[in-house]
Structure formats: C-alpha cells, structure tokens
There are 2 protein chains.
Amino acid sequence: MKRIAVDMDEVLADTLAEHIARYNRDHGEAITKADVEGKWLWDIVSMDRHDRLEGYLRSEDFFEDLPVIPDSQRVLRAMAERYEIYIGTSAMEFPNSFGPKYRWLRRHFPFLDPRHFVFCGDKSILKADYLIDDQPRHFLTFAGQGILFTAPHNMGVSGYPRVDNWEQVERMFLLEGGPR
Amino acid sequence: MKRIAVDMDEVLADTLAEHIARYNRDHGEAITKADVEGKWLWDIVSMDRHDRLEGYLRSEDFFEDLPVIPDSQRVLRAMAERYEIYIGTSAMEFPNSFGPKYRWLRRHFPFLDPRHFVFCGDKSILKADYLIDDQPRHFLTFAGQGILFTAPHNMGVSGYPRVDNWEQVERMFLLEGGPR
C-alpha cells in the first residue's frame with residue numbers, strides 16, 4: 001500500500017484565512033487572499049507590524065479553531081481506504097501549536113489513526129511515497145514525489161504536479177491511481 | 001552524511017526511574033529497576049493499580065523533569081558533528097507530553113536543531129539510516145537498521161545490535177563507524 005504524507009497548514013487547515021482575519025480585525029484593514037497571490041502575508045504588511053503577524057502564530061489559541069479546507073475530510077476518508085495516510089506538519093517552530101493541532105486533527109479527522117500524526121520540522125525525515133504540501137521547499141529534501149497544493153504564495157511555482165483543491169487530489173489518487 | 005534517529009524515553013530520558021519513583025512514593029513500595037528485568041512495570045503491579053500507572057504518564061508534569069541518561073549529552077554532541085541526528089519520540093499516545101518533551105529536549109540538548117525533533121506514533125515514518133531505540137517493536141517496520149538500547153524490559157530480546165549505554169553508542173558510531 002502506497003503511503004501519502006499530507007501537510008496540515010494550507011492543505012487541511014485554512015491557516016491563512018485565520019491569519020488574515022486576525023490581522024484585519026486588529027488593524028482595521030481589508031486584506032484578502034487575492035492580495036497575497038505570489039507572496040507571503042509578510043510581503044504586504046509593513047515591517048513594523050511583522051512582530052504582530054508572528055505573534056498571532058505563537059498565540060495559544062491560533063491553531064485551535066482553524067477553518068477546514070473544503071472537501072478535505074470527505075476525500076481523505078476515501079483515500080484512507082486505499083493508501084496509508086500520514087499527517088506531517090511543521091510544528092517545531094511553534095511549540096504552542098502542538099496541543100491545538102492534535103485536538104484539531106482529532107476533531108475534524110476522527111477517522112485517521114493518531115499514531116500517523118507526525119509533528120516535525122524538516123520534512124526530509126518523512127518516509128512516504130508522496131507528500132501533498134503547499135510549500136515547495138519541502139520537496140527539495142523529501143525523498144518521495146512532492147505534490148504541490150495550490151496556495152496564494154505558490155502561484156508562480158512550477159516543476160511539480162499541482163492540485164488546486166481536494167477534488168483534484170481525489171481525481172489524482174482515486175481515479176487516476178497517482179500523479180502522472 | 002548518515003542519519004541517526006534517536007528515541008527519547010529510556011534512551012535519553014530515564015522515564016522508567018521517574019515512573020517507579022512516583023509509584024513507590026504513592027504506594028509505599030520499594031520497586032527497583034532490577035525487579036522489572038525482562039518485564040514491564042505493568043507486569044509486576046497488581047491489575048487494580050494499572051490505571052494509576054497509566055495516570056502518571058498522562059499527568060501534565062510527568063515528562064517535564066525526567067533524569068537524563070548518563071553520557072547521552074556528551075556523546076550526542078560529538079555524534080552531531082559526524083551524523084545527522086534526529087530525535088524520534090512516540091508522543092501521540094500522550095498529547096500532554098508534547099510541551100514538556102519539547103522543553104526537556106531544548107533544556108538538556110540545546111545543541112540539537114529543534115527542526116530535527118519528530119513527535120510521532122508509528123516510527124515506520126522515520127526516514128533514517130539507524131534508529132537507536134529500546135523498543136524492538138519499532139524495528140519491525142523501520143526501514144533502516146535498528147540498534148537496541150538496553151532497558152530492563154528488553155533484556156531477553158536478541159536479533160539486533162545492542163548497546164548497553166552511551167559509551168557503547170560512542171564506540172559503535174564514533175570509533176567503529178557504525179554497527180557491524
């Protein structure tokens with residue numbers, strides 16, 4: 001059975017939506033996802049507010065209640081019948097996120113085995129056939145095949161099989177048997 | 001550069017010593033490590049107290065202040081010059097352990113890159129050349145070479161290269177260049 005590692009932030013959890021919402025709320029702004037196409041949120045927020053941006057990610061409750069990316073639950077549940085699914089998330093930069101991330105996964109993906117949750121930093125440690133992730137930097141050291149999940153910041157990236165949403169993941173892995 | 005994954009409980013942290021100490025303190029007993037040779041603590045404690053044993057591991061502070069296994073700091077610091085060192089610890093059974101384990105590693109092994117800490121369940125997800133672990137069950141699915149670190153419960157296990165302490169790890173990896 002092939003093994004697929006799935007990233008969490010921007011792939012299962014809409015971290016960016018929450019980040020923008022908190023920033024807009026506190027600063028009276030109206031940033032949208034369209035504003036960060038091809039960029040990071042840091043690129044469009046003035047330097048003197050970068051500490052605030054970072055602060056949201058470090059706060060106790062940030063990762064507790066993130067929106068779920070559409071269709072990810074339905075598709076992953078079906079995929080778990082035919083693949084070994086692991087969740088591989090970069091958590092070591094934000095130690096406050098461990099508990100919230102674990103609870104979030106248990107709440108929204110109760111059909112996944114928690115022994116398959118991996119909180120790591122560098123994803124080269126993951127032994128899997130595929131890694132579905134929005135951050136192409138992880139593919140440079142990941143030993144399997146990277147699948148780029150579209151997020152605003154990676155719009156300009158090429159060189160990897162790309163999926164724009166979970167319907168496309170479903171097509172790739174359940175109808176076509178894997179990326180071509 | 002070869003990569004070595006190192007388990008935490010019973011290899012870097014003397015979890016068993018703390019477990020026995022808490023049990024003895026609360027129950028007026030005098031269990032020693034010699035009493036659990038070839039066994040688990042569960043095997044020598046009466047069934048009606050198994051919940052208590054489990055409870056210690058689930059408590060908020062259990063993993064916060066564990067004794068460090070002798071020589072592990074000195075040897076691991078030297079090994080980090082010649083190998084990629086990752087810490088791979090089963091944490092998903094005890095979500096309360098995430099924060100304490102992270103802080104313990106940062107406090108006692110400040111020379112290790114926290115991006116190389118991996119909190120997982122099933123260790124088959126670790127992509128490494130070697131895994132130093134006291135639990136032989138992990139070697140059944142780990143893709144690299146398992147190195148059994150002696151703990152009371154594994155005294156009767158054979159079939160893997162064995163190290164009794166960190167001086168033997170030092171000899172194996174720094175003097176002999178790896179297990180034979």
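### Details of the overall build of chain A
Part 1: A count of helical and extended segments in chain A gives six helices and six strands.
Part 2: The order of helices and strands in chain A, counted from the N terminus, is β-α-α-α-α-β-α-β-β-β-β-α.
Part 3: Whereas a compact globule of 180 residues would reach a radius of gyration of roughly 16 Å, chain A reaches 16 Å, a difference of no more than 12%.
Part 4: By its C-alpha atoms, chain A is 50 × 35 × 30 Å across when sized along the principal axes.
Part 5: Out of the 180 residues belonging to chain A, those deemed buried represent 52%.
Part 6: A separation threshold of at least 6 residues defines the contact pool for chain A, and within that pool the share at least 24 residues apart is 61%.
Part 7: Of the roughly 8100 Å² of accessible surface on chain A, a fraction of 47% belongs to carbon and sulfur atoms.
Part 8: Averaged over its 23 positive side-chain charges, chain A has a centre that lies 5 Å from the centre of its 30 negative ones.

### Some remarks on the relation of the copies chain A and chain B
Part 1: Turning chain A through 180° and shifting it by 0.0 Å along the axis lays it on chain B, with an RMSD of 0.0 Å. Here the symmetry operator amounts to a two-fold rotation axis.

### So, the pairing of strand β1 (residues 3-6) of chain A
Across a regular strand the side chains alternate sides, sitting on one face of the sheet and then on the other.
Residues and elements named next belong to chain A.
Part 1: The alternating pattern of β1 places Arg 3 and Ala 5 on one face and Ile 4 and Val 6 on the opposite face, and all of these are buried.
Part 2: Examined bridge by bridge, β1 and strand β2 (residues 84-90) share four bridges and lie parallel to one another. Across the sheet, residue Val 6 finds its bridge partner in β2, namely Ile 87.
Part 3: Here β1 runs beside strand β4 (residues 130-133); their pairing, made up of three bridges, is parallel. Looking across to β4, one finds that Val 6 is bridged to Ile 132.

### What about the domain arrangement of chain A?
A common way to state how big an interface is: give the accessible area lost once the parts meet.
Residues and elements named next belong to chain A.
Part 1: Examined at the domain level, chain A breaks down into domain 1 (3-14 + 67-175) and domain 2 (15-64).
Part 2: Every contact between the two is made by 18 residues of domain 1 and, on the other side, 16 residues of domain 2.
Part 3: Contact with domain 2 buries surface across domain 1, with Asp 14, Phe 94 and Pro 152 losing the most and accounting together for 35% of the total.
Part 4: Summed over the shared surface of domain 1 and domain 2, the result is three salt bridges.
Part 5: Between Arg 107 and Glu 64 there is a salt bridge; the shortest N-O distance is 3.7 Å.
Part 6: Between domain 1 and domain 2 we count 12 residue pairs in polar contact (both at pLDDT 80 or more) in total.
Part 7: Taken together, the residues of the side of domain 1 that touches domain 2 sort by class into seven nonpolar, four polar and seven charged.

### Here we look at the side chain of Lys101(A)
Residue and element names in this part refer to chain A.
Part 1: Here Lys 101 shows up in helix α5 (residues 98-108).
Part 2: Separated by 2.8 Å, the side chains of Lys 101 and Asp 9 make a polar contact.
Part 3: Leaving out residues up to four positions away in the same chain, Lys 101 has contacts with Met 8, Asp 9, Phe 63, Thr 89, Ser 90, Ala 91 and Phe 119.

### Regarding the interface of chain A and chain B
Part 1: Listed as interface residues are 21 residues of chain A and, on the opposing side, 21 residues of chain B.
Part 2: Of the roughly 1900 Å² buried between chain A and chain B, counting both surfaces, carbon and sulfur atoms make up 69%.
Part 3: At the junction of chain A and chain B, the tally comes to zero salt bridges.
Part 4: Viewed at the interface, chain B and chain A are joined by 14 residue pairs in polar contact (both at pLDDT 80 or more).
Part 5: For the side of chain A that touches chain B, the secondary-structure elements that each account for two or more residues are α5 and β3 (117-120) of chain A.
Part 6: A total of four residues in the side of chain A that touches chain B trace back to one element, the largest contributor, which is β3(A).
Part 7: Residues of the side of chain A that touches chain B, tallied by class, amount to 13 nonpolar, four polar and four charged.

### Some thoughts on the packing of aromatic side chains
Residues and elements named next belong to chain B.
Part 1: Throughout the structure, instances matching the rule amount to 25 aromatic pairs over all chains.
Part 2: Ring geometry for Phe 63 against Phe 94: centres 6.4 Å apart, planes inclined by 35°, an arrangement best described as tilted. Of the two residues, Phe 63 is situated in the loop between α3 (50-58) and α4 (72-79) and Phe 94 in the loop between β2 (84-90) and α5 (98-108); the sequence distance between them amounts to 31 residues. Here Phe 63 and Phe 94 have matching classes, each one buried.
Part 3: Summarising the aromatic geometry, the rings of Tyr 102 and Phe 117 are spaced 5.9 Å apart at their centres and angled 75° between planes, so their arrangement reads as edge-to-face. Separated by 15 residues along the polypeptide, Tyr 102 in helix α5 and Phe 117 in strand β3 (residues 117-120) bring together distant segments of the chain. For the pair Tyr 102 and Phe 117, one class covers both residues: buried.

### Focus on the side chain of Lys101(B)
Part 1: Residue class for Lys101(B) comes out buried when judged on its relative accessible area of 1%.
Part 2: A distance of 3.3 Å separates a polar atom in the side chain of Lys101(B) from the backbone oxygen of Ser90(B).

### What about the packing of α4(B) against helix α6 (residues 166-175) of chain B?
Angle between the axes and distance between the axes: these two values describe a pair of packed helices.
Residue and element names in this part refer to chain B.
Part 1: Relative to each other, α4 and α6 sit at 15°, their axes nearing to 9 Å. If you check the angle between α4 and α6, you find them roughly parallel. Note on packing geometry: the crossing formed by α4 with α6 is left-handed. Listed contacts from α6 to Ser 72, Arg 74, Val 75, Leu 76, Ala 78 and Met 79 of α4 are Trp 166, Glu 167, Val 169, Glu 170, Phe 173 and Leu 174.
Part 2: Of the residues belonging to the contact of α4 with α6, the class tally is eight nonpolar, one polar and three charged.

### Regarding the nonpolar core
Part 1: Counting 94 residues, the largest nonpolar core has Met79(A), Trp166(A), Met79(B) and Trp166(B) as the members making the most contacts within it.
Part 2: Not counting chain neighbours up to four residues away, the residues in contact with Trp166(B) comprise Val6(B), Val11(B), Leu12(B), Ile69(B), Pro70(B), Asp71(B), Ser72(B), Val75(B), Leu76(B), Met79(B) and Phe149(B).
Part 3: Of all hydrophobic cores here, the second largest spans 22 residues; its members include Cys120(A), Phe142(A), Leu148(A) and Phe139(B).

About the cut-offs
Residues numbered from 1 in each chain as written. Chains lettered and ligands numbered in written order. Predicted model: local features only at pLDDT ≥ 70, side-chain atom pairs only at ≥ 80, totals over all residues. Heavy atoms only, no water. Helix = DSSP H or I, 4+ residues; strand = E, 2+ residues; numbered from the N terminus. Rg over C-alpha atoms; globule rule 2.2 N^0.38 Å. Buried < 20%, exposed > 50% of the residue type's maximum accessible area, 1.4 Å probe, protein only. Contact = heavy atoms within 4.5 Å. Areas by Shrake-Rupley, 256 points an atom, 1.4 Å probe, with all protein chains shown as cover. Lys, Arg positive; Asp, Glu negative; His and termini not counted. Charge placed at Lys NZ, Arg CZ, Asp CG, Glu CD. Least-squares fit on C-alpha atoms with pLDDT ≥ 70 in both. Pairing = 2+ DSSP bridges. Domains from an automatic or database assignment. Buried area = accessible area lost by both parts, 1.4 Å probe. Salt bridge = Lys/Arg side-chain N within 4 Å of Asp/Glu carboxyl O. Polar contact = N/O pair within 3.5 Å; in protein donor to acceptor, adjacent residues only side chain to side chain. Nonpolar A, V, L, I, M, F, W, Y, C, P; charged D, E, K, R; others polar. Phe/Tyr/Trp six-rings, centres within 6.5 Å; stacked < 30°, edge-to-face > 60°. Axes fitted to C-alpha atoms, helices over the stretch in contact; angles between N-to-C directions. Parallel < 35°, antiparallel > 145°, perpendicular 65-115°, else oblique. Left-handed = near helix turned anticlockwise from the far one by under 90°. Core = buried A, V, L, I, M, F, W, Y, C linked by side-chain atoms within 4.5 Å.

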